[in-house]
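Overview (structure and organization)
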Amino acid sequence: MHHDLHHRAVVADAHNDLLMAVAARPPKRWGSFFRERWLPQLREGGIDIQVLPVFIDDQYRPEGALRQTLRMIECAHVLAEANADQVALCLNGGDIDAALAEGKVALILALESAPGIDASVELFPTLFRLGVRMASIAHWGRTPLADGSREDATGSRLTVPGVQALREMERLGMLFDVSHLGASGVAHVLELATRPLIATHSCARALRDHHRNLTDDQIRGVAATGGVVCVNFVPDFLTDDQAKVSPERIVDHIEHIVSVAGIDHVGLGSDFVREVMTDVTPPCCESLDDEDPMFDFPGLEGPAGMPLVTEALVRRGLPEADVLKVLGGNMRQLMTKHMG
């Protein structure tokens, strides 16, 4: 029954770094590598809407950040054009609706921490013209726009360019992503935001006290804007007990967010770290310990395992209408109404 429900649903994943893996290949392989390695997994997992973050790894920062940002954006366009029978790079809700109607996977470009922009906020319109429709302004550490959650002790808010970035993104119709942003930065954004926000890959801090997760007040704040909090699948953000790593733990976080913010404000943001890192060539993956439990999630290493989440939601007893909202209905509505 759950398999039928899963494949009837619009399933949206707000964060999968697969673009890193594709862009690590030679340009002539971008289209074919995506078709061979990732498209079958997206199809097997029933993914209908896939956000593609542009994440710039350490070896490209700071000097090569903009060049790698542009390279990854070009990669997204190339893989979409090479697989136009199966996927479509979408710029607005109409594009998403058209892609879904044609049975294609709708791809959405996003910036993660935007190191290629640095403090040059005037580049947001440039990247918007290139297809970017979502962005965060910090990762783990400090950027010219804001501090990431690992710097929470600084108590810092958005910088002047960070405030300008929020305003520019709102003007353009680019969704502002609070995942990875430090606590004071999230509070600052919640004070200023005039459009719905998104947390593309964050869990509930009430269930796992990790700086990457959102407090109940932050979850309520995102929901109050009309936004969506998308639950991260990384085991270390779900629990501090490896024995509890299972799809049921994802559902625990989903149910908590529903209890705090309501059923209309929760979604999925997988962050399949293990699957991506095994695909990325060195030096990116040299430091990845194959036995690191932070990344080990049996059955949910990649998008093919997404039906396990639906199975766990059904097993928990969520009504079908609620399951459909969690799997992608809420994300689709947010992007259709407020993106582009």
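Remember, predicted model here, so these are calculated numbers, not experimental data.

1. Considering the overall build of the chain
The helix and strand tally for the chain stands at 14 helices and 9 strands. Scaling as 2.2 N^0.38, a compact globule of 340 residues should have a C-alpha radius of gyration of about 20 Å, and the chain matches this with 18 Å. Principal-axis analysis of the C-alpha atoms places the extent of the chain at approximately 50 × 45 × 45 Å. Taken over 340 residues, the chain has a buried fraction of 59%. In the chain, 72% of the contacts between residues at least 6 apart in sequence involve partners at least 24 apart. When the accessible surface of the chain is totalled, it reaches about 12800 Å², and 51% of it is carbon and sulfur.

2. Looking at helix α13 (residues 307-316)
Among the residues of α13, Pro307, Val309, Thr310, Ala312 and Leu313 are the ones counted as buried. For α13, the secondary structure elements touched by its buried residues are α1 (2-8), α3 (30-44), α11 (247-261), β9 (266-268) and α14 (320-338). Count one or two residues on from α13 and you reach Gly317, which has phi positive near 95°.

3. Observations concerning the packing of helix α5 (residues 93-101) against α14
At a closest axis distance of 7 Å, the pairing of α5 and α14 adopts a crossing angle of 135°. In terms of their interaxial angle, α5 and α14 are classed as oblique. Contacts between α5 and α14 involve Gly93, Ile96, Asp97 and Leu100 on the former and, on the latter, Arg332, Met335 and Thr336. Of the residues contributing to the contact of α5 with α14, the split by class is 3 nonpolar, 2 polar and 2 charged.

4. Concerning the environment of Asp252
When you line up the elements, Asp252 lands in helix α11. C-alpha separation for the pair Asp252 and Leu334, spaced 82 residues apart in sequence, amounts to 23 Å.

5. Structural notes on the confidence of the model for the chain
Of all residues in the chain, 95% have pLDDT values of 70 or greater, and the mean over the chain is 93. Scored below 50 in pLDDT, residues 284-291 shows 11 contacts in the model against residues more than four places distant or in partner chains.

6. Some details on helix α9 (residues 216-224)
Listing the buried residues of α9 in full gives Gln218, Ile219, Gly221, Val222 and Ala223. Residues of α9 that are buried sit in contact with α8 (183-192), β7 (197-199), β8 (228-231) and α11. Looking one or two residues beyond α9, the residue adopting positive phi is Gly226, at roughly 95°.

7. Some points on the pattern of salt bridges
As a working rule, side chains carrying opposite charge can pair if their charged atoms are close by. For the coordinates displayed, the defined rule picks out 19 salt bridges. With a shortest N-O distance of 2.8 Å, Asp147 and Arg142 are connected by a salt bridge. On the basis of relative accessibility, which here comes to 59%, the residue Arg142 falls in the exposed class. Of the charged contacts, one joins Asp209 and Arg205 as a salt bridge, the two residues approaching to 2.8 Å between their closest N and O atoms. Of the residues examined, Asp209 reaches a relative accessible area of 59% and is grouped as exposed. Relative accessible area serves as the criterion here: at 26%, Arg205 is assigned to the partly exposed category.

8. So, the pairing of strand β2 (residues 47-54)
For β2, a buried count of 7 out of 8 residues is recorded, marking the element as mostly surrounded by other parts of the structure. Bridge analysis of strand β1 (residues 11-13) against β2 gives 3 bridges, and the strand direction is parallel. Across the sheet, the residue bridging to Val11 is Ile47, located in β2.

9. Details of the pairing of β8
Because side chains alternate across β8, one face comprises the buried residues Val228 and Cys230, and the other comprises Val229 and Val231, equally buried. As a crossover connection, the stretch from β7 through α9 into β8 is right-handed.

10. Things to note about the packing of α8 against α9
The geometry of α8 relative to α9 is characterised by a closest axis approach of 10 Å and an angle of 30° between their N-to-C directions. In this view, α8 runs roughly parallel relative to α9, as classed from their interaxial angle. For the element pair α8 and α9, the recorded crossing hand is left-handed. Side by side, α8 and α9 meet where Ala183, Val186 and Leu190 of the first sit next to Gln218, Gly221 and Val222 of the second. A breakdown of the residues in the contact of α8 with α9 according to their chemical character gives 4 nonpolar, 2 polar and no charged.

11. Quick word on the environment of Gly317
Tracing the sequence through the fold places Gly317 in the loop between α13 and α14. Considering only alpha carbons, one finds Gly317 and Gly226, 91 residues apart in sequence, at a separation of 26 Å.

12. Here we look at a nonpolar patch on the surface
A contiguous nonpolar surface patch, about 210 Å² in accessible area, is contributed by Leu66, Leu70 and Leu130. Note that Leu66 resides in helix α4 (residues 65-82). By relative accessible area, Leu66 is classed as partly exposed at 34%.

13. Brief notes about unusual backbone geometry
A negative phi angle characterises most non-glycine residues, just as the trans form characterises most peptide bonds. The phi torsion at Ala114 lies on the positive side, around 55°, for a residue other than glycine. Within the element layout of this structure, Ala114 appears in the loop between β4 (105-111) and α6 (124-129). A residue is classified by how much of its surface remains accessible, and Ala114, at 5% relative accessible area, is buried. For His180, which is not a glycine, the phi torsion comes out positive at approximately 80°. Position of His180 relative to the elements: it lies in the loop between β6 (175-177) and α8.

Parameters and conventions
- Residues numbered from 1 in each chain as written.
- Predicted model: local features only at pLDDT ≥ 70, side-chain atom pairs only at ≥ 80, totals over all residues.
- Heavy atoms only, no water.
- Helix = DSSP H or I, 4+ residues; strand = E, 2+ residues; numbered from the N terminus.
- Rg over C-alpha atoms; globule rule 2.2 N^0.38 Å.
- Buried < 20%, exposed > 50% of the residue type's maximum accessible area, 1.4 Å probe, protein only.
- Contact = heavy atoms within 4.5 Å.
- Areas by Shrake-Rupley, 256 points an atom, 1.4 Å probe, with all protein chains shown as cover.
- Axes fitted to C-alpha atoms, helices over the stretch in contact; angles between N-to-C directions.
- Parallel < 35°, antiparallel > 145°, perpendicular 65-115°, else oblique.
- Nonpolar A, V, L, I, M, F, W, Y, C, P; charged D, E, K, R; others polar.
- pLDDT = per-residue confidence, 0-100.
- Salt bridge = Lys/Arg side-chain N within 4 Å of Asp/Glu carboxyl O.
- Pairing = 2+ DSSP bridges.
- Right-handed = clockwise from strand over helix to strand, strands pointing away.
- Left-handed = near helix turned anticlockwise from the far one by under 90°.
- Patch = residues over 30% accessible without salt bridge, like charges linked within 9 Å, V, L, I, M, F, W, Y side chains within 5 Å.

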